Amino acid sequence: MIFGILQIIPVLLCASYECEPNTQSRMHNEESYIDQQINDKTADLVAKGLAYEKGDGVEVDYAKAKAFYEEAASLGSVQAIHNLGGLYNWGMGVEQNRAVALDLWEEAADAGNMYSSFNMANAFLNGNGRQRSEDRALDYYFASYQQGYEPAICHYGDLMSRRDPDEVLQLVELMESTALDGESLCIRAISWLLYEGFDKYNDSEKLLYWVNFGTNVKHAEATFINALIYDFGETSIEADAEIAKKYYLIAAELGRESAFANLGFMYEEGKFGHEDPISAKYYYEQAIEADETWGYNNLATFYSKGTGKEVNYEKARELYEIAAKRGNSYAYSNLGGMYAYGNGVEIDAYKAESLYKKSIELGFDKAKLYLAELYLNQELPLFNRALALDYLYEAIQDGEELALERLAEQFKDEERKWFVASEGDAQIAFDLAAHYVEADNIAEACNWYLVAFERKHDEAYLDLLDCVKDNKLANSPFTDHLEVATQWAEHQEWDADSLVGELFYYGISVTTDKSKAAEYFHAAHQNSGDSIAQYKLGVMYLEGDGVSKDEAAGRKFLELSSEQGVSAAFKQLSEVYRRGKGVPVDLPKAFEYAKAGAEYVDDVDATYQYAQMLLNGEGTEKNIALAIDWFDRAIQLGHCKAQCALGNVLAEFPQNQEHKSRAMQLQEFCTIKKPKCANNT
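Residues numbered from 1 in each chain as written. Predicted model: local features only at pLDDT ≥ 70, side-chain atom pairs only at ≥ 80, totals over all residues. Heavy atoms only, no water.

Asker: I would appreciate a short explanation of the overall build of the protein in the present structure.
Answerer: Looking only at helices and strands, the protein features 37 helices and zero strands. Principal axes of the C-alpha set define a box for the protein whose edges measure 105 × 95 × 45 Å. Among the 681 residues that make up the protein, the fraction classed as buried is 45%. Sequence separation of at least 24 residues holds for 45% of the intrachain contacts in the protein that already meet a minimum separation of 6. Carbon together with sulfur atoms contributes 47% to the accessible area of the protein, which is approximately 35,700 Å² in total. The positive charge centre, built from 61 side chains, and the negative charge centre, built from 113, are 2 Å apart in the protein. (Helix = DSSP H or I, 4+ residues; strand = E, 2+ residues; numbered from the N terminus. Buried < 20%, exposed > 50% of the residue type's maximum accessible area, 1.4 Å probe, protein only. Contact = heavy atoms within 4.5 Å. Areas by Shrake-Rupley, 256 points an atom, 1.4 Å probe, with all protein chains shown as cover. Lys, Arg positive; Asp, Glu negative; His and termini not counted. Charge placed at Lys NZ, Arg CZ, Asp CG, Glu CD.)

Structure representation (structure tokens):
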């Protein structure tokens, strides 16, 4: 990052060593001298203030400390502003005033003080003097890290680990050096990020490295995650009950007492070869003895289910209530179930509703399904089908598998139109269709594809085409499947002729007929000047694909399409002039079309071609550095061959060590993966 403008001072050739410095240079030196004096003075004032604040060689005198800090602050010392904030925060020599402290820290943080940024992050995280905002806390933690306070990244990572971030590995890399130095919060954050985000990167070696590192330094949370890995075997590492037990016991000894509850559940589920309720109860009681919330919840379920051949609803309720008071979301849901079904208590729908809602509020999404069931029970005073459907929709979006099946049961033939008019999400209708496809009930699937289509779901259109073509849609509102395409074009505000032309061109729900496709594309061009139809006609005439080859006509249609911003048209026109298709070869013109496609419309193929032309100096001066940048952009856009091309370029023209390393990685990728590119040129 460049923090200022470099001023170039002309060199004056002097006749002798007595040459007088020029005025500009003298002024620059004077300014630097004055700045240095100010810096020295403020540093001295801050040091004196700190001495009086800490009693370092002098008696503690907060009033004197404040006076020195204020003088330094008036001269622009950011550190003095930060230190003043501390005096007001703790009421040292001044009346305690959190608001003034935070204002000072905010000013210092904005000026680059890493400790003030960290303090502001804590204020926003805890809602102490600022309205609670996890997002603002994250911003300040990251700023503090960038300003030089490395432990701040651990707080940032710990918060992010609860948010299911996409960039897991990048975040882990930021924390690794601090974690290796033994920073506990970083070890915790890395362990959870790699475990919870495993499906995003699928690197069991990295996961095991960090949880084992944490286990070796006696980190309770990392050891607990190590146990989870071998308990559930969900991270491509084979489950092993004995290893899981070993780590659970170590984690509990290190202070993660909920590990006892997990171990008890392993015995209850029979993960050691057979169900063992005696051992399960023992470990639940061990967790309770450590006053661990999950112990109360799990032992309560033990009694409510009669796992130990003893159903005891009263004891279960007492234990659930203890866990609920401690904020356990499962316990609230389990209590809700007791009141919903009258297990050991009188049925109380209102109390069940309240408990389920509290469970949802605390983050247990499955309680939405249970609440929906409560509202669907016509024997209860809370029967409310509309509310039930709302909660089922939410449960489906949260990934609850049973919710989709339960929702499917709610709709009869005459009620699908109601769904279309309701708040039901198009994706849910599409998912219901997929549910019936799996159940081999194509007729019902087609009914739901129609609902999704009417709610303008992007993928439902093609499925509905087949439903209508194959006469699988009862009481179809369409005379034929081409009418589906016409209505879809109206939905999307597309030209219907252009869309039908694509069906014939690609053979979607019809027999491929490119001459018929050309007829529809011509109609779309004449009636609405449709840019996609113009592009398709351009390519067809260039190649003689379904029409008589006519390169001049092809070029004309491509130019019309490019004028409307169709990205692929720029690349095609670049090829026309690069290869001389019906025109003399004109590399500068080919280069301009490729450049326009890359820079203005981000077309993937044009971007790759632009990079190639820069590399080879086709139609322009050769520019390897710029070519590297555009090959990189082509990779970002998903061009199949770009990684291999860039690997070869970096190997042949490395500009630094990083380029050499990346060249090896890309070439290794191309050697191992050997990508087959069907579409990218």
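Moving on, there is more to tell.
Asker: Could you clarify how one ought to interpret the pattern of salt bridges in this entry?
Answerer: Opposite charge on two side chains permits pairing when their charged atoms draw close. The full count for this structure, using the stated rule, is 32 salt bridges. With a closest N to O distance of 2.6 Å, Asp398 and Lys368 form a salt bridge. Note that Asp398 is positioned in the loop between α21 (385-397) and α22 (401-408) and Lys368 in helix α20 (residues 367-376), a separation of 30 residues in sequence. Assessed through its relative accessible area of 9%, Lys368 is described here as buried. For the salt bridge of Glu543 with Lys581, the shortest nitrogen-to-oxygen distance reads 3.6 Å. (Salt bridge = Lys/Arg side-chain N within 4 Å of Asp/Glu carboxyl O.)

Asker: Would you explain the side chain of Glu292 in this entry?
Answerer: For Glu292, the position within the fold is in the loop between α15 (277-289) and α16 (293-305). Comment: no salt bridge for buried Glu292; closest opposite-charge side chain is Arg256, at 5.9 Å.

Asker: Would you mind showing me how to read helix α9 (residues 184-196) here?
Answerer: Every α-helix winds through 3.6 residues per turn, so residues three or four apart in the chain are directed the same way. Over its 13 residues, α9 extends 18 Å from the first C-alpha to the last, a length consistent with the 18 Å expected when each residue adds 1.5 Å. For α9, the set of buried residues is Cys186, Ile187, Ala189, Ile190, Ser191, Trp192, Leu193, Leu194 and Tyr195. As for α9, its buried residues are in contact with α7 (152-160), α8 (168-180), α10 (198-201), α11 (204-216) and α12 (220-232). (Expected span 1.5 Å × (residues − 1).)

Asker: Would you take a moment to explain the environment of Ala331 for this structure?
Answerer: For Ala331, the location among the structural elements is in helix α18 (residues 329-341). Look at Ala331 and you get buried, because its relative accessible area is 0%. Separated by 14 residues in sequence, Ala331 and Arg317 place their C-alpha atoms 9.4 Å apart. When sequence neighbours within four positions are dropped, the list of residues in contact with Ala331 reads Asn297, Tyr320, Ala323 and Ala324.

Asker: Just checking my understanding: could you explain the state of the cysteines for this structure?
Answerer: Where two cysteines share a covalent bond between their sulfur atoms, that bond is called a disulfide. Scanning all chains against the criterion turns up two disulfides. There is a disulfide in this structure between Cys154 and Cys186, and the S-S distance comes to 1.9 Å. Across the S-S bond linking Cys154 and Cys186, the dihedral sits near -90°, which makes this disulfide left-handed. With Cys154 in helix α7 and Cys186 in helix α9, this pair connects stretches of sequence that are 32 residues apart. Cys186 matches Cys154 in its accessibility class, with the two residues each being buried. Note on cysteine connectivity: Cys446 is disulfide-linked to Cys467, with sulfurs 2.1 Å apart. When the S-S torsion is -85°, as for the bridge of Cys446 with Cys467, the disulfide is left-handed. Of the two residues, Cys446 sits in helix α25 (residues 442-454) while Cys467 sits in helix α26 (residues 460-469), which places them 21 residues apart along the sequence. For the residue pair Cys446 and Cys467, the accessibility class agrees, reading buried in each case. (Disulfide = S-S within 2.5 Å.)

Asker: Quick question: what am I supposed to make of unusual backbone geometry here?
Answerer: Glycine aside, a negative phi is what most residues show, and trans is what most peptide bonds show. If you check the backbone angles, Asn202 has positive phi at about 55° while not being a glycine. As for its placement among the helices and strands, Asn202 is situated in the loop between α10 and α11. Taking the relative accessible area as the measure of exposure, Asn202 reaches 53% and is therefore exposed. Residues other than glycine seldom take positive phi values, yet Ser236 does so here, at roughly 60°. Residue placement: Ser236 occurs in the loop between α12 and α13 (241-253). A relative accessible area of 57% places Ser236 in the exposed class.

Asker: I would appreciate a short explanation of the confidence of the model for the protein in the present structure.
Answerer: When pLDDT is low, close inspection of the predicted coordinates is not appropriate. For the protein, per-residue confidence averages 87 on the pLDDT scale, and 91% of positions sit at 70 or higher. A low-confidence stretch, residues 1-31 stays under pLDDT 50, and its non-local contacts, those more than four residues away or across chains, total seven contacts. (pLDDT = per-residue confidence, 0-100.)

Asker: Please explain α11 as it appears in this structure.
Answerer: With 13 residues, α11 should cover 18 Å at 1.5 Å per step; its first-to-last C-alpha distance of 18 Å lies within 8% of that length. What α11 keeps buried is the set Leu207, Trp210, Val211, Phe213, Gly214 and Thr215. On its buried face, α11 sits against α8, α9, α10, α12 and α13. The N-terminus of α11 is capped by Asp203, whose side-chain oxygen sits 3.2 Å from the backbone nitrogen of Glu205. (Polar contact = N/O pair within 3.5 Å; in protein donor to acceptor, adjacent residues only side chain to side chain.)

Asker: What is the right way to look at the packing of aromatic side chains in this model?
Answerer: What characterises a pair of aromatic rings is the spacing of the ring centres plus the angle enclosed by the ring planes. One pass over the structure, following the stated rule, counts 35 aromatic pairs. Ring pairing ties together the aromatic residues Phe260, Tyr267, Phe272, Tyr282 and Tyr283, which thus form one cluster. The lysine or arginine in question, Lys556, covers the ring of Phe557, its NZ or CZ lying 4.4 Å from the ring centre. (Phe/Tyr/Trp six-rings, centres within 6.5 Å; stacked < 30°, edge-to-face > 60°. Lys NZ or Arg CZ within 6 Å of the ring centre and 35° of its normal.)

Asker: Got a minute to help me understand the environment of Ser548 in this structure?
Answerer: Note that Ser548 resides in the loop between α30 (531-543) and α31 (551-563). Spatially, the C-alpha atoms of Ser548 and Gly233 are 61 Å apart, while their sequence positions differ by 315 residues.

Asker: Would you explain the packing of α25 against α26 in this entry?
Answerer: Angle between the axes and distance between the axes: these two values describe a pair of packed helices. Taken N-terminus to C-terminus, the directions of α25 and α26 make an angle of 135°; their axes are 9 Å apart at the nearest point. One finds that α25 runs oblique with respect to α26. α25 and α26 meet at a crossing whose hand is left-handed. Two secondary-structure elements touch here, α25 through Cys446, Tyr449, Leu450, Ala452 and Phe453 and α26 through Ala460, Tyr461, Asp463, Leu464 and Cys467. (Axes fitted to C-alpha atoms, helices over the stretch in contact; angles between N-to-C directions. Parallel < 35°, antiparallel > 145°, perpendicular 65-115°, else oblique. Left-handed = near helix turned anticlockwise from the far one by under 90°.)

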